[in-house]
Structures are given as structure tokens and as C-alpha cells.
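Single-letter residue listing:
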Amino acid sequence: FVPNGQACGMGSVCNNGQCVLLDADQDGFPADMDCDDTNAAINPGRPENCMDGIDNDCDGAIDAADSGC
């Protein structure tokens, strides 16, 4: 038994007896899908900002190297 709010696995927390993945930045993408779970403006659902030097859409490509630019 793990109390609510306590870690119950890597990147997970207990919620009513279930282990659920954390979403620290509350952007709708759990930590295992989000390349920066500390910043809600960076997640797989975002478009790439082609001028900021950041992988905004979590596809592994930055700015000019991203096919969306």
C-alpha cells in the first residue's frame, strides 16, 4: 500500500490506489511523453518555434532542423 501523493514507481505517484504517471507542468502530457515536464510550453502537442533554439514539439529536432520550420 502506498498513500495518495507518494511515489509508487519511476515517474509515477499514487492516486486512490492507482499508480499514475506524473505531469509536473500540468500540460496534459505525462513525464514519459514530455521532453521537458517542467515547462508547459514545451510538449509533443506544441508547434515548433523556429527561432528560439528549443525543441518545442519534442520531436528531437530544433529550429531549422525541424521539418515544421
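Anything mentioned here points back to the structure above.
These numbers were taken from a predicted model, which means no experiment stands behind them.

S.K.: Now, about the sheet that holds strand β3 (residues 18–21): what can you tell me, with residues and values included?
M.R.: The strand order across the open sheet built from 3 strands is β1-β2-β3, with neighbouring strands paired in antiparallel fashion. Pairing within the sheet leaves two strands with one partner each, and these edge strands are β1 (7–9) and β3. Strand-to-strand, the axes of this sheet are offset by a mean angle of 50°, without reference to chain direction. As paired strands, strand β2 (residues 12–15) and β3 are joined by 4 bridges and run antiparallel to one another. Among the inter-strand pairings, Val13 is bridged to a residue of β3, identified as Val20.

Cut-offs applied
- Residues numbered from 1 in each chain as written.
- Predicted model: local features only at pLDDT ≥ 70, side-chain atom pairs only at ≥ 80, totals over all residues.
- Heavy atoms only, no water.
- Pairing = 2+ DSSP bridges.
- Helix = DSSP H or I, 4+ residues; strand = E, 2+ residues; numbered from the N terminus.
- Axes fitted to C-alpha atoms, helices over the stretch in contact; angles between N-to-C directions.

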